[in-house]
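Chain by chain, the residues run as shown.
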Amino acid sequence: MNRTEIYLDHAATTPVDPRVLEAMLPFFTERFGNPSSIYAAGREARAALDQARARIARLLNCQAREIVFTSGGTESDNLAVKGVAFWHLVNGRGRHIVTTAFEHHAVLHSAEYLERFGFHVTYVAPDADGIVQPEAIEAALRPDTILVSVMYANNEIGTIQPIREIAHLCRERGITVHTDAVQAAGTLPLDVEELGVDLLSISAHKFYGPKGVGLLYVRSGTPILWQQHGGAQESNRRAGTENVPGIVGMARALELAYEELDERNAHVQALRDRLIDGILQRIPDSRLNGHRHQRLPNNVNVTFAGVDGETLLLNLDLHGIAASSGSACTTGSTEPSHVLLAIGATPEQARSSVRLTLGKDNTAREIERTLDVLEETVARLRKLAGARSR
Ligand SMILES: *Cc1c(COP(=O)(O)O)cnc(C)c1O
């Protein structure tokens, strides 16, 4: 197998920062105690957990007790959507949920699951630039709407949503509002007071932390029925022995991301702009998907007319370049991206698209190399396709 030399799939996952790994290591070895144990080693783990929670709360501008640690973005999204819905199933009368057509499947499939329990879901379409207009959310609200869930930034096309405005609309009407901030964390402001959301999901492995750990911010007073039962961990809200090394790593990774935010964003944005401009100038019939400016500083998603995206990715891989055709979770399936379809792409256009997402350690040289390989490969694949169709 060849090796990945140029990694351009940071929306799928990121490598653990060596400084994060260093913070985690003691909790695999000498400081291995269970935070629920009463003896010294347990208390030591408990202290590390409390400290991580307090540090993260400072970054989110919330109370430490409003943070529930989870196994990642998927669990946080499931807990938010199902937790609020099931609270209302037991305590309320509202049965209506509003979300968008281009959410991550963790939200979409949770919403679809809830339809089986009698909930009605409105899937609001983003506009052609990949932005969910607050007016479109407002138009979908009903007297029985209990929850609005809109992602902060889209994982395939990187577009940034007007979460403040959407949250404001909801809170005026007493509707609980969740945002999947998994792609935004480490890049965009995460102040929950500023954003005005009641629930917010993040996942450590998207910002140079470890896989398998995340959190759900839950504003105090939010109607929610906890979904995982067992021990009394997380103040009876999420049972199971805490992932102490992971949580310590997530706190460190988040701190580093916000300490280095301006620097990292400026670096990847310059590379992103070079990559977008280079593609659009050098490769005919290529098109950028999603708003040119209202997008994450690291996201490039392009359609190369007449080129099969999966074939292009295999060819990039042969050159040691890692990219993806949208969401990592749907790779391998032949379904065209639901995100690209939601912004008006045809299935054919969606299948001719690739996502390149940059990271803090990419270099200008890597971008130039990627442009050369893309130009050559797209031209070659088009020639082959043309020869076959003649
Ligand atoms: C990656 C991702 C998730 C899932 O997070 P995991 O920690 O991998 O379960 C959810 N939502 C978005 C927007 C993502 O990018």
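Residues numbered from 1 in each chain as written. Predicted model: local features only at pLDDT ≥ 70, side-chain atom pairs only at ≥ 80, totals over all residues. Heavy atoms only, no water.

The chain carries the name Cysteine desulfurase IscS in an unreviewed UniProt entry, which gives Thermomicrobium roseum as its organism. Regarding the chain, the UniProt comment filed under Sequence similarities (unreviewed entry) reads as follows: "Belongs to the class-V pyridoxal-phosphate-dependent aminotransferase family. NifS/IscS subfamily." What the UniProt record of the chain gives under Pathway (unreviewed entry) is the line "Cofactor biosynthesis; iron-sulfur cluster biosynthesis." (UniProt positions renumbered as here; feature names shortened; annotations may be inferred.)

Right, let's get into the packing of aromatic side chains. Applying the stated rule across the entire model yields 2 aromatic pairs. Here Phe86 and Phe117 contribute two aromatic rings whose centre-to-centre distance is 5.1 Å and whose plane-to-plane angle is 85°, an arrangement assigned as edge-to-face. Residue Phe86 is located in helix α3 (residues 73–91), and its partner Phe117 is located in the loop between α4 (105–115) and β4 (120–124); the two are separated by 31 residues in the primary sequence. Ring geometry for Tyr113 against Phe117: centres 5.1 Å apart, planes inclined by 55°, an arrangement best described as tilted. Every member of this aromatic cluster is reached through a ring pair, and the members are Phe86, Tyr113 and Phe117. (Phe/Tyr/Trp six-rings, centres within 6.5 Å; stacked < 30°, edge-to-face > 60°. Helix = DSSP H or I, 4+ residues; strand = E, 2+ residues; numbered from the N terminus.)

The subject of this paragraph is the sheet that holds strand β10 (residues 299–304). On the basis of which strands lie adjacent, the open sheet formed by 3 strands has the order β9-β10-β12 and antiparallel pairing. This sheet does not close on itself; its edge strands, each paired only once, are β9 (286–288) and β12 (353–357). Direction aside, neighbouring strands of the sheet carry axes that sit 25° apart on average. Bridge analysis of β10 against β12 gives 5 bridges, and the strand direction is antiparallel. Residue Thr303 lies in a different strand from β12, and its bridge partner there is Ser353. Strand contacts of helix α10 (residues 261–282): β9, β10 and β12, with the helix running at about 10° to β10, the strand carrying the most contacts. (Pairing = 2+ DSSP bridges. Axes fitted to C-alpha atoms, helices over the stretch in contact; angles between N-to-C directions. Contact = heavy atoms within 4.5 Å.)

Moving on to the sheet that holds β4. Taken together, 7 strands build an open sheet; the order of strands is β2-β8-β7-β6-β5-β3-β4 and the sheet is mixed. Edge positions in the open sheet fall to β2 (67–70) and β4, since each of these has one partner strand only. Within the sheet, the average angular offset between the axes of one strand and its neighbour, ignoring direction, is 20°. Relative to strand β8 (residues 214–218), β2 is paired through 4 bridges, and the arrangement is antiparallel. Bridging from a neighbouring strand, Ile67 pairs with Tyr217 of β8.

Mapped onto this structure's residue numbering, the UniProt feature "modified residue: N6-(pyridoxal phosphate)lysine" (unreviewed entry) falls at Lys206. Residue placement: Lys206 occurs in the loop between β7 (199–203) and β8. Its relative accessible area of 18% is what places Lys206 among the buried residues. Leaving out residues up to four positions away in the same chain, Lys206 has contacts with Ala11, Ala12, Thr14, Val182 and Gln183. (Buried < 20%, exposed > 50% of the residue type's maximum accessible area, 1.4 Å probe, protein only.)

Before going further, it helps to spend a moment on the site of the ligand. Within the structure, the ligand sits among 13 residues, and Thr74, Asp180, Gln183, Ser203 and Lys206 are positioned closest to it. Asp180 places a side-chain nitrogen or oxygen 2.7 Å from a nitrogen atom of the ligand. A distance of 2.7 Å separates an oxygen atom of the ligand from a polar atom in the side chain of Lys206. Relative to its unbound accessible surface of 380 Å², the ligand loses 87% to contact with the protein. Take the shell around the ligand: its biggest share by element is 3 residues, from α3. Residue classes in the shell around the ligand are distributed as 2 nonpolar, 8 polar and 3 charged. (Near = heavy atom within 4 Å. Polar contact = N/O pair within 3.5 Å; in protein donor to acceptor, adjacent residues only side chain to side chain. Areas by Shrake-Rupley, 256 points an atom, 1.4 Å probe, with all protein chains shown as cover. Nonpolar A, V, L, I, M, F, W, Y, C, P; charged D, E, K, R; others polar.)

By the definition in use, this model includes 26 salt bridges. Here Glu138 and Arg173 are joined by a salt bridge, their closest N and O atoms 2.9 Å apart. In this pair, Glu138 is assigned in helix α5 (residues 134–140) and Arg173 in the loop between α6 (163–172) and β6 (176–180), connecting sequence segments 35 residues apart. Of the residues examined, Arg173 reaches a relative accessible area of 41% and is grouped as partly exposed. Taken together, the shared-partner salt bridges in this structure form one network comprising Asp17, Arg19, Glu260, Arg264, Lys360 and Asp361. (Salt bridge = Lys/Arg side-chain N within 4 Å of Asp/Glu carboxyl O.)

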